[in-house]
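A look at the structure
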Amino acid sequence: MTDRTHLGDVPPDWLAASTSLAQATRELVEAVALSDADATVLDEARSEVAALTERLRATARPHALRPGPADLAALRAADAGSIVVRPTNPGAVPLEISVRADTAEATWTAGPVHEGPPGSLHGGTSASLLDSVLGTLVQVRGTPAVTGTLTVRYRRRVPLGVPLTVSAALGERDGRRLPVTGRIEAGGEVCVEAEALFVAVER
Ligand SMILES: CCCCCCCCCCCCCCCC(=O)SCCNC(=O)CCNC(=O)[C@H](O)C(C)(C)COP(=O)(O)OP(=O)(O)OC[C@H]1O[C@@H](n2cnc3c(N)ncnc32)[C@H](O)[C@@H]1OP(=O)(O)O
């Protein structure tokens, strides 16, 4: 398993099991973040988690799985389709990103783990969500590229517990520069706007 780096390289049943484990781990993270159990219970839980960590570390690969060229190829060829990014990484927000022509969109509901101001989403998480959706659109409709600049305007607080729409639109390429704009909306209201410049790289 250690030579597998791209999502498309792994067998479907293994991917389903890993995705399911990652989701259960996100639920564990939320339970830890919110737990009011007494210190004895927390200590017992720590021992159980540490044992599990040791068991999984024995088969660790060097990198978390990520989309690769083969994963993007079908989407590049079609006018519309979707890709799931980081489903097996419990430290990341998993997103199913739909790409249609030069636009992309994903839906996600934030929970207390990502709280910044009381009851609202952390601004860094908003920027990260936008970077993921804008960046995926660039990789699918443009070329391999990295974020050169990401400017985020926080217009209003992003609520927790309601579906958020994260969208992106690709601008006109200028040499190695690929401009992309995006936004996060909740209940039909724009909460965050972004402008980014991606820079094309070899790979
Ligand atoms: C990678 C493949 C993945 C494929 C798999 C698919 C995965 C599918 C899911 C991915 C979805 C997640 C996507 C997350 C995307 C990140 O989060 S990437 C991580 C954050 N970004 C980085 O770490 C980038 C770090 N910076 C760098 O690597 C280098 O500074 C850069 C940006 C490549 C530029 O360096 P360089 O290659 O030496 O280029 P340079 O000659 O300086 O500049 C080239 C042109 O760009 C312009 N430029 C350069 N930097 C900037 C800037 N910051 N602002 C404005 N303009 C700039 C220059 O003015 C120049 O323009 P021209 O003179 O050509 O007109």
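Analysis parameters
Residues numbered from 1 in each chain as written. Predicted model: local features only at pLDDT ≥ 70, side-chain atom pairs only at ≥ 80, totals over all residues. Heavy atoms only, no water. Near = heavy atom within 4 Å. Polar contact = N/O pair within 3.5 Å; in protein donor to acceptor, adjacent residues only side chain to side chain. Areas by Shrake-Rupley, 256 points an atom, 1.4 Å probe, with all protein chains shown as cover. Helix = DSSP H or I, 4+ residues; strand = E, 2+ residues; numbered from the N terminus. Core = buried A, V, L, I, M, F, W, Y, C linked by side-chain atoms within 4.5 Å. Buried < 20%, exposed > 50% of the residue type's maximum accessible area, 1.4 Å probe, protein only. Contact = heavy atoms within 4.5 Å. pLDDT = per-residue confidence, 0-100. UniProt positions renumbered as here; feature names shortened; annotations may be inferred. Pairing = 2+ DSSP bridges. Patch = residues over 30% accessible without salt bridge, like charges linked within 9 Å, V, L, I, M, F, W, Y side chains within 5 Å. Salt bridge = Lys/Arg side-chain N within 4 Å of Asp/Glu carboxyl O. Axes fitted to C-alpha atoms, helices over the stretch in contact; angles between N-to-C directions. Domains from an automatic or database assignment. Buried area = accessible area lost by both parts, 1.4 Å probe. Nonpolar A, V, L, I, M, F, W, Y, C, P; charged D, E, K, R; others polar.

The name given to the protein chain in an unreviewed UniProt entry is Acyl-coenzyme A thioesterase THEM4, with the source organism recorded as Nocardioides perillae.

Quick word on the site of the ligand
Residues in contact with the ligand amount to 18 residues; listed here are only the nearest, Asp131, Gly148, Thr149, Arg176 and Arg177. Threonine 149 places a side-chain nitrogen or oxygen 2.6 Å from a nitrogen atom of the ligand. Residue arginine 177 places a side-chain N or O atom 2.9 Å away from an oxygen atom belonging to the ligand. Contact with the protein chains covers 50% of the free accessible surface of the ligand, which is 1400 Å². Breaking the shell around the ligand down by element, the ones donating at least two residues are α4 (123-141), β4 (145-154) and β7 (189-200).

Concerning the nonpolar core
Leu95 and Ile97 are the most contacted members of the largest nonpolar core, which has 36 residues in total. Elements supplying a minimum of two residues to this core: α3 (69-77), β1 (80-85), β2 (95-100), β3 (103-109), α4, β5 (163-170), β6 (177-186) and β7. Beyond its immediate sequence surroundings of up to four residues, leucine 95 is in contact with Ile83, Val84, Val85, Ala106, Thr107, Trp108, Leu129, Ser132 and Val133.

Brief notes about the confidence of the model for the protein chain
Per-residue pLDDT for the protein chain has a mean of 94; in total, 99% of the residues score no lower than 70. Across the assembled chains, the prediction reports ipTM 0.90 with pTM 0.93.

Brief notes about the environment of leucine 130
Position of leucine 130 among the secondary structure elements: in helix α4. Counting along the chain gives 35 residues from leucine 130 to leucine 95, while the straight-line C-alpha distance between them is 11 Å. Excluding residues that lie within four positions of it along the chain, leucine 130 makes contacts with Gly135, Val166, Ser167, Gly182, Arg183, Ile184, Val192 and Ala194.

Some thoughts on the UniProt feature "domain: Thioesterase" (unreviewed entry) in the protein chain
When the UniProt feature table is mapped onto this chain, "domain: Thioesterase" (unreviewed entry) is found at residues 119-189. Between the end C-alpha atoms of residues 119-189 the distance is 17 Å, and the span holds 27% helix and 41% strand.

What to know about the pairing of β7
Pairing between β4 and β7: nine bridges, direction antiparallel. Bridging from a neighbouring strand, alanine 145 pairs with alanine 200 of β7. From the end of β6 to the start of β7, which pair antiparallel, there are two residues, and glycine 187 there has a positive phi angle of about 55°.

Quick word on a nonpolar patch on the surface
Judged by side-chain polarity, Leu21, Leu52 and Leu56 come together as a nonpolar surface patch covering roughly 270 Å² of accessible area. Looking at where leucine 52 falls in the secondary structure, it is placed in helix α2 (residues 39-57).

Description of the sheet that holds β1
Pairing within the open sheet is antiparallel, and its seven strands lie in the order β1-β2-β3-β5-β6-β7-β4. Of all strands in the sheet, those bounded by a partner on one side alone are β1 and β4. In this sheet, neighbouring strand axes are inclined to one another by 20° on average, regardless of whether the strands run parallel or antiparallel. In this sheet, β6 lies alongside β5 in antiparallel orientation, the contact comprising seven bridges. Residue pairing across strands places threonine 165 opposite glutamate 185, the latter belonging to β6. Contacts from α3 reach β1 and β2, with the element oriented near 160° to β1.

Some remarks on the domain arrangement of the protein chain
Annotation of the protein chain at the domain level lists domain 1 (7-57) and domain 2 (69-200). Placing a centre on the C-alpha atoms of domain 1 and another on those of domain 2 gives a separation of 26 Å. At the interface, twelve residues of domain 1 touch eleven residues of domain 2. Together, the buried faces of domain 1 and domain 2 total about 920 Å²; carbon and sulfur atoms form 66% of this surface. Interface area lost by domain 1 to domain 2 is led by Leu7, Arg26 and Glu30, which between them contribute 51%. Inspection of the region where domain 1 meets domain 2 yields zero salt bridges. Scanning the region where domain 1 abuts domain 2 turns up five residue pairs in polar contact (both at pLDDT 80 or more). In terms of residue class, the side of domain 1 that touches domain 2 is made up of six nonpolar, four polar and two charged.

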